[in-house]
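These are the residues of each chain, in order.
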Amino acid sequence: MKEKEKDTLVLVCALLIVSPPFLNVGLWQLRPEVLVCLRSHERITKTILVEGETYTFPVSINKTYIIFKNGTKVYNAFAETELVKINYTKIMPYYDVQTISISPTGNLVRDWYDGLLFIYDCPLNTIYYPHPDHYYTYPDQDHLMMWNYPWNKTGNTMNHIHITQDEILRMKEENTILPETIKGALISTFGTIVIGSIAVPKLLAFLKPLVGTVIGVLIVAIVTFVIWLIVYLIGGSVQTPTLAEWVEQKVELYHHDGFMWTWSAKTGFWGIELGPPLQYSMPGGWNWYMFFTVTFWHYIKFACAFGKELWEGTVHYFDVFFGIPWKYYLTLG
């Protein structure tokens, strides 16, 4: 799907999410290719435990599911809590299954894709979808045909991530995408789980951060929650009766491992939110102090696809925004 077409679909989704029901008819007239539009709302609560500290995240999720007359389907979910906002869009173009099937030739067929050598066919037709050649080429000569070995390779524009046998087995047994799989994908995409620039901007250099706060534990809790929410949103978009069936049909290969891909990754600093003064006090001497919170908002953006999805044109788009609150004090004299 072309970038312009994707942007159009996302725009239609956004308009239908924010519009009240009585405007639906008007939007349908503007976008006559929309066949069905379903909207729903969900509230959930997730508790994260980090080093004995408990963090509770109540989440509000607005969902929109659109079917276009050409067969394309779009699922959008906007999830929001106090320190995290995620806009998730899954685009599923209509495709003819026969156009992506691989004919058994009885010979090993390899070709280059995104700068990596891919297998497209092999004897006994054991290739369910094209993927990096981990029979004779990747990840290195010491780990060939090791279906339970985690690895990833960076191509020209994409990250190619191997999903191990153990991960596939656990996904099917637990009927969920593993947080470890998503965390590994993010690490391979962004290098490390970086929260943008945690350093205090020079704009606030006159402020003094409080010593001994649990900000490090809170950051871990937020990152853990973001990964959990990404898993939850992807799971909610699956259209098979169970996620285990989706893993079997879309991700699992002949040797019970699999692949996923990420691309278009961006990360950075989004903005600052200044909270009201928390308290005034005079801890000692003649100085008064004003305590308050400054929240630094960061973002990560990326696209991903699992297994057959890459070849069907199905793409998951994520825009993740999260705030890291820091407590400061200002000496009033």
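Only a predicted model underlies this, so the values are computations on that prediction, with no experimental measurement involved. (Residues numbered from 1 in each chain as written. Predicted model: local features only at pLDDT ≥ 70, side-chain atom pairs only at ≥ 80, totals over all residues. Heavy atoms only, no water.)

Draft legend 1. Seen up close, the overall build of the protein. For the protein, the count of helices and strands is eight helices and 13 strands. Per-residue burial over the protein gives 45% buried out of 333 residues. Here the contacts in the protein between residues at least 6 apart in sequence split such that 61% fall between residues at least 24 apart. Roughly 17100 Å² of accessible area belongs to the protein as shown, and the carbon and sulfur atoms make up 58% of that amount. (Helix = DSSP H or I, 4+ residues; strand = E, 2+ residues; numbered from the N terminus. Buried < 20%, exposed > 50% of the residue type's maximum accessible area, 1.4 Å probe, protein only. Contact = heavy atoms within 4.5 Å. Areas by Shrake-Rupley, 256 points an atom, 1.4 Å probe, with all protein chains shown as cover.)

Draft legend 2. Seen up close, the sheet that holds strand E5 (residues 109-113). Taken together, the three strands give an open sheet; going across it, the order is E5-E6-E7, and neighbouring strands pair in antiparallel fashion. What marks the edges here is a single partner per strand, and that holds for E5 and strand E7 (131-132). Relative to E7, strand E6 (residues 116-121) runs antiparallel, the two sharing two bridges. Each bridged residue has a counterpart across the sheet, and for Phe118 the counterpart in E7 is Pro132. (Pairing = 2+ DSSP bridges.)

Draft legend 3. Examining the side chain of Asn76 more closely. Topologically, Asn76 is positioned in strand E3 (residues 73-80). A distance of 3.1 Å separates the side chain of Asn76 from the backbone oxygen of Tyr88, its partner in a polar contact. (Polar contact = N/O pair within 3.5 Å; in protein donor to acceptor, adjacent residues only side chain to side chain.)

Draft legend 4. Here's a closer look at the packing of helix H4 (residues 165-174) against helix H7 (residues 243-251). Interaxial distance between H4 and H7 falls to 7 Å at its minimum, and their mutual angle equals 145°. On H7, the residues that touch Ile168, Met171 and Lys172 of H4 are Ala244, Val247, Glu248 and Val251. A per-class count over the contact of H4 with H7 returns five nonpolar, no polar and two charged. (Axes fitted to C-alpha atoms, helices over the stretch in contact; angles between N-to-C directions. Nonpolar A, V, L, I, M, F, W, Y, C, P; charged D, E, K, R; others polar.)

Draft legend 5. Structural context of the pattern of salt bridges. Enumeration according to the criterion identifies 10 salt bridges in this entry. Of the charged contacts, one joins Glu312 and Lys250 as a salt bridge, the two residues approaching to 2.9 Å between their closest N and O atoms. On the criterion of sequence distance, the pair formed by Glu312 in helix H8 (residues 309-312) and Lys250 in helix H7 is long-range, its members being 62 residues apart. We note that Glu312, like Lys250, is buried. In this structure, Lys301 and Asp319 form a salt bridge, with 4.0 Å as the shortest nitrogen-oxygen distance. Here the residue Lys301 occupies a position in strand E12 (residues 289-306), and Asp319 occupies one in strand E13 (residues 315-331), the gap between them amounting to 18 residues. Given the relative accessible area of 30%, Lys301 is considered partly exposed. The exposure class assigned to Asp319 is partly exposed, which follows from its relative accessible area of 23%. One network of salt bridges, with partners in common, ties together Arg170, Glu174 and Glu180. (Salt bridge = Lys/Arg side-chain N within 4 Å of Asp/Glu carboxyl O.)

Draft legend 6. Quick peek at a nonpolar patch on the surface. Together, Leu108, Tyr136 and Met145 give the surface a local cluster of nonpolar side chains, amounting to about 290 Å² of exposed area. For Met145, a relative accessible area of 42% corresponds to the partly exposed category. (Patch = residues over 30% accessible without salt bridge, like charges linked within 9 Å, V, L, I, M, F, W, Y side chains within 5 Å.)

Draft legend 7. Up close: the packing of aromatic side chains. Enumeration over the complete set of coordinates arrives at 19 aromatic pairs. Ring geometry for Tyr129 and Trp261: centres 6.3 Å apart, planes at 70°, overall edge-to-face. Taken together, the residues Tyr129 in the loop between E6 and E7 and Trp261 in strand E11 (residues 258-281) connect sequence positions 132 residues apart. You'll find Tyr129 and Trp261 in the same group, each marked buried. (Phe/Tyr/Trp six-rings, centres within 6.5 Å; stacked < 30°, edge-to-face > 60°.)

Draft legend 8. Quick look at the confidence of the model for the protein. The predicted model of the protein has a mean per-residue pLDDT of 79, with 71% of residues at 70 or higher. Low pLDDT, under 50, characterises residues 98-105; the stretch is placed with 13 contacts to residues that sit more than four places away or in other chains. (pLDDT = per-residue confidence, 0-100.)

Draft legend 9. Quick peek at the environment of Lys90. Among the secondary structure elements, Lys90 is positioned in strand E4 (residues 84-92). Taking relative accessible area as the criterion, Lys90 reaches 5% and is therefore assigned buried. Here the alpha-carbon distance between Lys90 and Val74, two residues 16 residues apart in the chain, equals 5.8 Å. The residues touching Lys90, leaving out its near neighbours within four places in the chain, are Lys73, Val74, Tyr75, Ser237, Val238, Glu309, Thr314, Val315 and His316. Only 3.4 Å separates the side chain of Lys90 from the side chain of Ser237, close enough to count as a polar contact.

Draft legend 10. A look at the nonpolar core. Ranked by internal contacts, the top residues of the largest apolar core, which has 58 residues, are Ile86, Ile182, Ile222, Ile230, Leu233 and Phe318. Ranked by the residues each element gives to this core, the list is headed by helix H6 (residues 215-237), at 14 residues. Residues in contact with Ile182, not counting those within four places in the same chain, are Ile177, Ile227, Ile230, Val231, Ile234 and Phe306. Counting residues in each nonpolar core, the second largest holds 22 residues, with Phe118, Tyr138, Leu253 and Tyr317 among its members. (Core = buried A, V, L, I, M, F, W, Y, C linked by side-chain atoms within 4.5 Å.)

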